[in-house]
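Letter by letter, the chains look like this.
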Amino acid sequence: MSEPANPAPTARPRPSTVTYASYLLYLAAALIVVTAAVSFATLGTISTIFEEEYAGTSLDGAEGFIIAVTVFSTVLQLLIAIGLVVLGLLNAQGRNGARIATWVVAGLGVCCSGLGVGGSAFSGMGAGTGSDADVPDAAEVQRRLEEELPSWTEPVSMICSVIALLALIAAIILLALPASNEFFRKQPAGAEPPLPGGAYPAGGTDPGYPAGGTDPAYPSYPPTGTPPGTPPSTNPPPGNPPSDDPPTNRPPGNPPAS
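Here the structure is a predicted model, which is why all the values come from computation and not from measurement.

### Comments concerning the pattern of salt bridges
Stage number 1. Taken as a whole and assessed by the stated rule, the structure comprises six salt bridges.
Stage number 2. As a salt-bridge pair, glutamate 140 and arginine 143 come within 2.3 Å of each other at their nearest N and O atoms. With glutamate 140 and arginine 143 both in helix α5 (residues 138-148), this residue pair falls three residues apart, about one helical turn.
Stage number 3. A relative accessible area of 34% means that arginine 143 is categorised as partly exposed.
Stage number 4. The partner of arginine 185 in a salt bridge is glutamate 182, and the shortest N-O contact between them spans 2.2 Å.
Stage number 5. Take arginine 185: its relative accessible area is 46%, and that puts it in the partly exposed class.
Stage number 6. For glutamate 182, a relative accessible area of 46% corresponds to the partly exposed category.
Stage number 7. Salt bridges here are not isolated pairs; linked through shared partners, they connect Glu52, Glu53, Arg144 and Glu148.

In structure tokens form, the structure reads like this:
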């Protein structure tokens, strides 16, 4: 009865630092999506306010640039959120390339985490004081933004941006800890972890031998027990002992004369 084959090597246990880092990436992605949704929800109101306030001034038409910047930053936030989710999944699998990419994408997320405040970030762009009639009044633009935008938009965007920023920083630190480095270290394919005391893996066989228990360095012999390549034996077959009488050349069927 042949012995069972050696079991496949078990997966490396994932340290808690990598697990928490993945969860933090998911959290940051969700908060970034919320911030982007707030920006999209208020985009129409912001466009109307800037269009009316810039009309008839030297900045007439500049509201298109402001809206374009807002849309670009919002789309960038969504792409970063998708990337963080994918990297969280790959980090949980121990992909070292994903960890390096996380440091890059998370850095971009840190830079973009404060862009969800909405149009208020552009309220003072190109605006001057009320005494200059050729440019829109910054105070008036800000007043209209506060009046016409829902009161919850700016606090929600700011809170989400701050929490996402802290989550990304914490994820970057967790992925750089020694426990995470050991998990992401590349191991040779098919290698099994060493067992204490030189014991064999489950199954009781030396991993250097195949499942049949035969040493591959020694060939198996045929059933007759003769190694291949051995010259034929000159010994007579068993049961016929050699005779000491000299051979005679008598023809068969002629008895000797008496």
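### Regarding the packing of helix α2 (residues 43-54) against helix α3 (residues 63-92)
Stage number 1. The contact between α2 and α3 brings their axes to 9 Å, and the two run at 160 degrees. Comparing their axes, α3 and α2 come out roughly antiparallel. By crossing handedness, the relation of α2 to α3 is classed as right-handed. Taking contact as the criterion, the partners of Leu43, Ile46, Ser47, Phe50, Glu51 and Tyr54 in α2 are, on α3, Glu63, Ile66, Ile67, Thr70 and Val71.
Stage number 2. Split into classes, the residues belonging to the contact of α2 with α3 amount to seven nonpolar, two polar and two charged.

### Considering the nonpolar core
Across soluble globular proteins, you tend to see nonpolar side chains buried next to one another.
Stage number 1. Ranked by internal contacts, the top residues of the largest apolar core, which has 23 residues, are Ala28, Ile32, Leu84 and Leu168.
Stage number 2. Taken together, the elements giving at least two residues each to this core come down to α1 (16-41), α3, α4 (96-112), α6 (153-175) and α7 (178-184).
Stage number 3. Leu43, Ile46, Ile66 and Leu149 belong to the second largest nonpolar core, which has 10 residues in total.

### Topic: the packing of aromatic side chains
Stage number 1. All told, the structure shown has two aromatic pairs when counted by the stated rule.
Stage number 2. Where tyrosine 23 meets tyrosine 26, the ring centres are 6.4 Å apart and the plane angle is 50 degrees; that geometry is what we call tilted. Here tyrosine 23 and its partner tyrosine 26 are both found in helix α1, three residues apart, which amounts to about one turn of the helix.
Stage number 3. The class for tyrosine 23 is exposed, based on a relative accessible area of 53%.

Cut-offs and rules
- Residues numbered from 1 in each chain as written.
- Predicted model: local features only at pLDDT ≥ 70, side-chain atom pairs only at ≥ 80, totals over all residues.
- Heavy atoms only, no water.
- Salt bridge = Lys/Arg side-chain N within 4 Å of Asp/Glu carboxyl O.
- Helix = DSSP H or I, 4+ residues; strand = E, 2+ residues; numbered from the N terminus.
- Buried < 20%, exposed > 50% of the residue type's maximum accessible area, 1.4 Å probe, protein only.
- Axes fitted to C-alpha atoms, helices over the stretch in contact; angles between N-to-C directions.
- Parallel < 35°, antiparallel > 145°, perpendicular 65-115°, else oblique.
- Left-handed = near helix turned anticlockwise from the far one by under 90°.
- Contact = heavy atoms within 4.5 Å.
- Nonpolar A, V, L, I, M, F, W, Y, C, P; charged D, E, K, R; others polar.
- Core = buried A, V, L, I, M, F, W, Y, C linked by side-chain atoms within 4.5 Å.
- Phe/Tyr/Trp six-rings, centres within 6.5 Å; stacked < 30°, edge-to-face > 60°.

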